[in-house]
Amino acid sequence: MELPEAFVDFLNKNGLDPSIYTAIDSTPRYIRLKPGCELYLENIEAEIKCKLQKVEWLPHFYSLPPHVQIANSKAYREGKLYGIDAASGAAVTALDITPGDHILDLCAAPGAKLCMISDLLGSSGTLTGVDVARHRLAACRTMLQKYALGDRCRLFVADGTTFSLLPILAQLNSKIFSDRESVSEEKLDTYREWTSRRPWKERKKVNKAQNNGNSQLSLQNQDPELIFYGLHSGVVGLSKSKLYDIANGNGLLHYGYDKVLVDAECTHDGSIKHIQKFENWGWTTLQRRVLNAERIDNLNVLQLLLLTNGFKLLKVGGYLVYSTCSLTVAQNEDVVEQFLLQNSSAELLDIEAAKYWPCKSGQIQKTLRFDPLTSQTSGLFVAKFTKLCT
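So, a few notes on the structure that sits alongside this text. (Residues numbered from 1 in each chain as written. Predicted model: local features only at pLDDT ≥ 70, side-chain atom pairs only at ≥ 80, totals over all residues. Heavy atoms only, no water.)

### Topic: the packing of helix 12 (residues 272–281) against helix 13 (residues 283–291)
- One can describe the packing of helix 12 onto helix 13 by two numbers: an axis separation of 7 Å at closest approach and a directional angle of 135 degrees. Classed by the angle they form, the pair helix 12 and helix 13 counts as oblique. Contact with helix 12, carried on its side by Ile 275, Phe 278, Glu 279 and Trp 281, involves Trp 283, Thr 285, Leu 286, Arg 289 and Val 290 of helix 13 and no other residues of that element.
- Classifying every residue of the contact of helix 12 with helix 13 by side-chain character gives 6 nonpolar, 1 polar and 2 charged. (Axes fitted to C-alpha atoms, helices over the stretch in contact; angles between N-to-C directions. Helix = DSSP H or I, 4+ residues; strand = E, 2+ residues; numbered from the N terminus. Parallel < 35°, antiparallel > 145°, perpendicular 65-115°, else oblique. Contact = heavy atoms within 4.5 Å. Nonpolar A, V, L, I, M, F, W, Y, C, P; charged D, E, K, R; others polar.)

Pasting the structure below:
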């Protein structure tokens, strides 16, 4: 792939080696087998006519040549495997998920990391997925259902910079939530088992919002829209007013999420496959989406806001992982540095599992960088924080 001069200049200014993008044909694609599905490995290999290579540093991950298609395979259709880059899998692994955790994925679409989190969570705890784009979050819902991973999950269309709902089971154990109009439980609507067929009033409300232009600004001024919840997510049987209770500062300290993933919106310049698309879209589109200085400035503001709000929702002693698929310092180390200056209770942590990972250290100690040449993965920046009691 011949890169345009403007993009090469952009890479050089950010201290990035343009030869990264020569690894298109040699960078494998990755899949994750659902636990227990290794029994079908030989059948899967026979069907796709390809030997799957086990990724030794990441459990349940396998690599295959980039040209091999899996979408038509029986294992894929039956939900035994899903595509997810190994670097993304590393970001999820860095959360150190344990049974019973309440986890927040603040930028959940397109859904592969959400599925992996749910897989690791198993039959305890809860998972909350948030995304500002309704159609993209609907795709997450489809994935959770396809892979039978939605039992403990709830999905909200909301602005991740202002989302403020805490884990439901934590709410039920707390008495310190904001006051709402007092209404007897008998008179309140409660959530029944989820069905894809929504009530007429709800459909009317959504249609009205869409007709009025359901922008990010409007999302900031309305309750998050719940578009899916599993049977054991804590939603079934809950009153609608209780679902939208918001905690004060003390509640956030003690009843926040155990783990938070902020895989923030970025320019995607670390994704070879994404950059490759501009050959078809046109390099002028790259100028607007990746190289435009105003867009990058706006993204930096958004990234810091997402990281700050995710940290706000984290309980003391919990873990937050911030990641982007950009390789630029501005969207990674600069955001981390500014965040640490503004949050005295935040501390960067070493990622214990990373001693086995094929990645490099970032420009800030304890941060990590994956790239196609070093890691044989897509590009990804990863930083892990904890919240101290101050």
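Picking up after the structure, the text goes on.
### Section: the packing of aromatic side chains
- Taken as a whole and judged by the stated rule, the model has 13 aromatic pairs.
- When the centroid spacing of 5.9 Å and the interplanar angle of 15 degrees are considered together, the rings of Phe 7 and Phe 10 count as stacked. Separated by 3 residues within a single helix, Phe 7 and Phe 10 lie in helix 1 (residues 5–13), roughly one turn from each other.
- Residue class for Phe 10 comes out buried when judged on its relative accessible area of 9%.
- Note on Phe 156 and Tyr 244: the rings are 6.5 Å apart at their centroids and 70 degrees apart in plane angle, and the pair reads as edge-to-face. Of the two residues, Phe 156 sits in strand 7 (residues 153–157) while Tyr 244 sits in the loop between helix 10 (240–243) and helix 11 (249–255), which places them 88 residues apart along the sequence. Of the two residues, Phe 156 and Tyr 244, both sit in the buried class.
- An aromatic cluster of three or more residues is present, and its members are Trp 57, Trp 357 and Phe 370. (Phe/Tyr/Trp six-rings, centres within 6.5 Å; stacked < 30°, edge-to-face > 60°. Buried < 20%, exposed > 50% of the residue type's maximum accessible area, 1.4 Å probe, protein only.)

### A closer look at the environment of Gly 36
- Relative to the elements of secondary structure, Gly 36 occurs in the loop between strand 1 (29–33) and helix 2 (41–48).
- On the basis of relative accessibility, which here comes to 45%, the residue Gly 36 falls in the partly exposed class.
- On a C-alpha basis, the gap between Gly 36 and Lys 80 in space is 9.0 Å, while along the polypeptide they are 44 residues apart.

### Describing the sheet that holds strand 2 (residues 53–54)
- In spatial order, the strands read 2-3-1-4; together these 4 strands make up an open sheet with antiparallel pairing. The open sheet has two edge strands, strand 2 and strand 4 (81–83), and neither has a second partner.
- Of the pairings in the sheet, the one linking strand 1 to strand 3 (residues 61–64) comprises 4 bridges and is antiparallel in character. The residue of strand 3 that forms the bridge with Tyr 30 is Ser 63. (Pairing = 2+ DSSP bridges.)

### Here's the deal with unusual backbone geometry
- With omega at 5 degrees, the peptide bond leading from Ala 109 into Pro 110 counts as cis.
- Along the chain, the position of Pro 110 falls in the loop between strand 5 (102–105) and helix 5 (112–121).
- A positive phi angle, near 55 degrees, is found at Asp 96, a position not held by glycine.
- With respect to the helices, strands and loops of the structure, Asp 96 is situated in the loop between helix 4 (86–93) and strand 5.
- A residue is classified by how much of its surface remains accessible, and Asp 96, at 35% relative accessible area, is partly exposed.
- In this model, Ala 148 sits at a positive phi of 55 degrees, which is unusual for a non-glycine residue.
- Mapped onto the elements, Ala 148 comes out in the loop between helix 6 (134–146) and strand 7.

Such coordinate-based values are descriptive only and should not be taken to indicate function.
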